[in-house]
Amino acid sequence: MQSIQQMIETVLSDDQPAVLAMVFQVKGSAYRKEGTWMLIQEDGARTGVISGGCLESDLHSRAIELFNTGKVDIVHYDLSAEDDLGWGRGAGCNGVVSVVVRDIDNDFRHFLTLIHKRLLAKEHVLFIQSISNLAYYAYLNEDEDCLDNWQSEIPFELDAVTPFQNNAGQKSIGDEMVYFQLIWPRPALYIIGAGVDARPLARLAENVGYAVHLLDWRASLCNEFNFPMAVSFQIGNVERLINNIEFSSLDSVVIMTHDFQLDVKLVQRLRDSQLLYLGILGSKKRTERLLDRDIPNEVHSPVGLSIGADGPEEIAVSIVAELIAVRRRKVI
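First things first, this report covers the structure right here in the doc.

So, how was this worked out
- Residues numbered from 1 in each chain as written.
- Predicted model: local features only at pLDDT ≥ 70, side-chain atom pairs only at ≥ 80, totals over all residues.
- Heavy atoms only, no water.
- Helix = DSSP H or I, 4+ residues; strand = E, 2+ residues; numbered from the N terminus.
- Contact = heavy atoms within 4.5 Å.
- Pairing = 2+ DSSP bridges.
- Axes fitted to C-alpha atoms, helices over the stretch in contact; angles between N-to-C directions.
- Buried < 20%, exposed > 50% of the residue type's maximum accessible area, 1.4 Å probe, protein only.
- Right-handed = clockwise from strand over helix to strand, strands pointing away.
- Phe/Tyr/Trp six-rings, centres within 6.5 Å; stacked < 30°, edge-to-face > 60°.
- Lys NZ or Arg CZ within 6 Å of the ring centre and 35° of its normal.

Attention shifts here to the environment of Gly 195. Within the element layout of this structure, Gly 195 appears in the loop between strand S10 (188-192) and helix H4 (198-207). Gly 195 sits 31 residues away from Asn 226 along the chain, and the two C-alpha atoms are 9.4 Å apart. If near-sequence neighbours (up to four positions away) are discounted, Gly 195 is found in contact with Arg 218 and Phe 227.

Written out as structure tokens, the structure is:
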């Protein structure tokens, strides 16, 4: 599953015609919610999914008609219908999904370029789509001018939103119906320790949209051969390496060096970094010794959800599940 940022990067790195499908309203239940994007390129490549597979072919057919036209269309899929002409097909979905389908022309590419710069700076962007006239805007922040002269109210305080909160929905402003969506940067996962058990974690995390960064003191382990999905590799004195990283509240870190003394120093440095997630591989007793105290709520140890995981692959599943749960604010 690729993030919105990755979809934007795909558009900006490839000049071929492309169409963006974006869910802006869901009435009832559906496979995906408001704010879901899907990219369709002229060569047939698709990035992202709108449904469990029942809508993608139709959207692809519509995209073929839109390539290089600069046009925008709105389509409504009634997933509750179970007759032969409906979209439900008896699958159990009981909602209506409304989608904006837009040809990505030069103006929209420029628009995405401006958004991408903000995402690279680890800043969220408020995307605004008029449903009435299909114009689009982006509200950057309170200290900078809005793109395309958006002058109306903002539906929430941008500085007060919770990281990765799915703020998406519609609002009536005067006679105009407008769709709002917060676009967040791609989540980053820093794995400290490039042992064999880090490989399935990196692979699975990348599969669900994380930008994976590896830190280790061993070049023979921390490399593209062992971690072909990683975005970056930092090799050397790990204590010094993490001091050069500007961690933010959007970042997650998993410590898995298997070196107790090193872990003590890493935890001392990282525990005050205001991370979204800090996980430490090892038993609860080991982590209590690392901290020389009880484990605080902001430190996840033993790392991963308690599902009885055994072995690197299952432990990786439990860690990624916990990463998602924390990011979605679903941890009990």
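Moving on, we get to the sheet that holds strand S11 (residues 211-216). The strand order S12-S11-S10-S13-S14-S15 describes an open sheet built from 6 strands, whose pairing is parallel. Among the strands making up the open sheet, the edge pair consists of strand S12 (232-235) and strand S15 (299-300). The sheet contact formed by strand S14 (residues 277-280) and S15 spans 2 bridges and is parallel. Within the sheet, the bridge partner assigned to Gly 279 lies in S15 and is His 300. Helix-sheet contacts for helix H6 (residues 260-270) involve S10, strand S13 (251-255) and S14, and the interaxial angle to S13 is about 165°.

A separate point is the pairing of strand S8 (residues 168-173). Across 6 bridges, the pairing between S8 and strand S9 (residues 176-183) is antiparallel. Among the inter-strand pairings, Ser 172 is bridged to a residue of S9, identified as Met 177.

A separate point is the pairing of S13. Most of S13 is tucked away: 5 of the 5 residues are buried. Where burial is concerned, the two faces of S13 agree: the one with Asp 251, Val 253 and Ile 255 and the one with Ser 252 and Val 254 are both buried. As paired strands, S10 and S13 are joined by 5 bridges and run parallel to one another. Paired with Ala 188 across the two strands is Asp 251, which belongs to S13. Two elements, S13 and S14, share 4 bridges in a ladder whose sense is parallel. Within the sheet, the bridge partner assigned to Ser 252 lies in S14 and is Tyr 277. Taken together, S13, H6 and S14 constitute a β-α-β crossover, and its handedness is right-handed.

As a further point, take the packing of aromatic side chains. Within this structure, the stated rule accounts for 5 aromatic pairs. Taking the centre distance of 6.0 Å and the plane angle of 65° together, the rings of Phe 111 and Phe 127 count as edge-to-face. Taken together, the positions of Phe 111 in helix H3 (residues 106-120) and Phe 127 in strand S6 (residues 125-130) put the pair 16 residues apart, joining distant regions of the chain. With respect to class, Phe 111 is no different from Phe 127; both count as buried. When the ring of Tyr 190 is compared with that of Phe 247, the centres are 5.1 Å apart and the planes differ by 80°; the resulting orientation is edge-to-face. Here Tyr 190, found in strand S10, pairs with Phe 247, found in the loop between helix H5 (238-243) and S13; they are 57 residues apart in sequence, far enough to count as distant. Of the two residues, Tyr 190 and Phe 247, both sit in the buried class. Of the aromatic side chains, those joined through ring pairs into one cluster are Trp 37, Phe 108, Phe 111 and Phe 127. Directly above the aromatic system of Phe 260 lies the positively charged group of Arg 289, at a separation of 4.4 Å from the ring centroid.

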